[in-house]
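Each chain, written out:
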Amino acid sequence: MNNLYKKLDIRLSALVRHLIPCDTTADVGCDHGLVSLYILKANLSKNVVCIDISPKCLQKTQNLLQKAKLQENATFIQGDGLAGAEDIPINQIVIAGMGGINISNILNAMPKLSQDARLVLQPMNNITLVRKTLNSLNKTIIRDEIVFDKNKYYHIIVAQNGKQKLTKQQIRCGAVTEDYRSADYQRWLELKVKKVQAIINAISKDNEKYPELNEYLNDLNKCKF
Ligand SMILES: C[S@@+](CC[C@H](N)C(=O)[O-])C[C@H]1O[C@@H](n2cnc3c(N)ncnc32)[C@H](O)[C@@H]1O
């Protein structure tokens, strides 16, 4: 198990911490296969559904699991999101390292059998859209963290079934106020505040974006500890 952890960078280590034991986990956008390998090696799931839109990337996962002699616990699907996995009841879905629009499209097209799955998401951008999509699909965001790895901030969102009414501040800054307490989140806030302040300083008060940007800046400042 130690060797397995060594292969995971800070982003992926933070991501896999949110996985819980269940029968079947899907790794959508599996690529290198490290998350799928972790799920099986850590006995988090009996079965892993490895999905990638790119045949080459899917092959990487297949090779890795074959090398670890774990391919019999895996189903390999080349496809867009969960299309192709409609007949498999999935309890937990990981979608990491993809853009927020892509993730939102995948969530909106969730097959019926997997609609109750716990979601562990790591969108690379358009985080606000992902939160809004989860809200519109009646999912509750239970963790909404930021981790710093290799000079970049990454968002990790965990969601499960349940209605949740997020405020505008939560949609823009993070749904789970407890997660604001982390050092990485506070550093991300400082950076974001500087960026938004710089934009505000560069535009005139008559600019139509001025009120919205000011509101955003206030929201960001309210999250500071
Ligand atoms: C940057 S890699 C991320 C790999 C891994 N999940 C991680 O977080 O390290 C993104 C992967 O998602 C795949 N991908 C992109 N869009 C997809 C989609 N709509 N459905 C399935 N896979 C997709 C890409 O082919 C690529 O292998």
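Residues numbered from 1 in each chain as written. Predicted model: local features only at pLDDT ≥ 70, side-chain atom pairs only at ≥ 80, totals over all residues.

Engineer: Describe in detail the overall build of the protein chain, supporting the description with residues and values.
Structural biologist: Counting secondary structure elements, the protein chain contains 9 helices and 7 strands. The C-alpha radius of gyration of the protein chain comes to 19 Å, within 12% of the 17 Å expected for a compact globule of 225 residues. Dimensions of the protein chain along its principal axes, counting C-alpha atoms only, are 60 × 35 × 30 Å. With 225 residues in all, the protein chain has 35% of them scored as buried. Counted over contacts in the protein chain with a minimum sequence separation of 6, partners at least 24 positions apart contribute 68%. (Helix = DSSP H or I, 4+ residues; strand = E, 2+ residues; numbered from the N terminus. Rg over C-alpha atoms; globule rule 2.2 N^0.38 Å. Buried ≥ 20, exposed ≤ 12 C-beta atoms within 10 Å, placed from the backbone. Contact = placed C-beta atoms within 7 Å.)

Engineer: Go over the domain arrangement of the protein chain, please, and point to the residues and values.
Structural biologist: The domains assigned to the protein chain are domain 1 (2–179) and domain 2 (182–225). Computed over C-alpha atoms, the centres of domain 1 and domain 2 are 29 Å apart. Taken together, the contact pairs 9 residues of domain 1 with 10 residues of domain 2. Mapped onto the side of domain 1 that touches domain 2, the elements with two or more residues apiece are β6 (139–149) and α7 (168–173). Looking at the side of domain 1 that touches domain 2 residue by residue, the class counts come to 5 nonpolar, 1 polar and 3 charged. (Domains from an automatic or database assignment. Nonpolar A, V, L, I, M, F, W, Y, C, P; charged D, E, K, R; others polar.)

Engineer: Can you tell me about the sheet that holds strand β5 (residues 118–123), naming the residues and giving the values?
Structural biologist: Strand order in the open sheet made by the 7 strands is β3-β2-β1-β4-β5-β7-β6, with mixed pairing throughout. The sheet is open, and its two borders are formed by β3 (74–78) and β6, each paired with just one other strand. The average angle at which neighbouring strand axes cross in this sheet is 15 degrees, direction not considered. With 3 bridges joining them, β5 and strand β7 (residues 152–161) adopt antiparallel strand pairing. Looking at β7, one finds that leucine 119 is bridged to alanine 159. (Pairing = 2+ DSSP bridges. Axes fitted to C-alpha atoms, helices over the stretch in contact; angles between N-to-C directions.)

Engineer: Quick rundown of the nonpolar core? Include the residues and the values.
Structural biologist: By size, the foremost hydrophobic cluster in this structure holds 54 residues, and its most contacted members are Ala26, Val28, Val35, Ile93, Val94 and Ile95. Of the residues that make up this core, three or more belong to each of domain 1 (2–179) and domain 2 (182–225). Each residue touching isoleucine 93, except ones within four places of it in the same chain, is listed here: Ala26, Val28, Ser114, Ala117 and Leu119. (Core = buried A, V, L, I, M, F, W, Y, C linked by C-beta atoms within 7 Å.)

Engineer: Can you explain the site of the ligand? Please cite residues and give values.
Structural biologist: Residues in close proximity to the ligand total 18 residues, the closest being Gly29, Asp31, Cys57, Ala96 and Gly97. Among the elements of the structure, β2 (45–52), β4 (92–98) and α5 (100–108) are those that each provide at least two residues to the shell around the ligand. At 3 residues, β4 tops the list of elements feeding residues into the shell around the ligand. A breakdown of the residues in the shell around the ligand according to their chemical character gives 9 nonpolar, 6 polar and 3 charged. (Near = placed C-beta within 6 Å.)

Engineer: Would you mind going over unusual backbone geometry in detail, with residue names and values included?
Structural biologist: Here the phi dihedral of aspartate 31 falls at roughly 50 degrees; this positive angle occurs in a residue that is not glycine. When you line up the elements, aspartate 31 lands in the loop between β1 (22–28) and α3 (34–41). The class of aspartate 31 is partly exposed, set by 19 C-beta atoms lying within 10 Å.

Engineer: Which residues make up helix α6 (residues 127–136), and what values do they have?
Structural biologist: All buried positions along α6 are accounted for by Ile127, Val130, Arg131, Thr133 and Leu134. An end-on view of α6 places all buried positions within 160 degrees of arc, on one side of the element. Contacts from the buried residues of α6 go to α5, β5, β6, β7 and α7. Downstream of α6 by one or two residues, asparagine 138 has phi in the positive range, about 60 degrees. (Arc of directions from axis to C-beta.)

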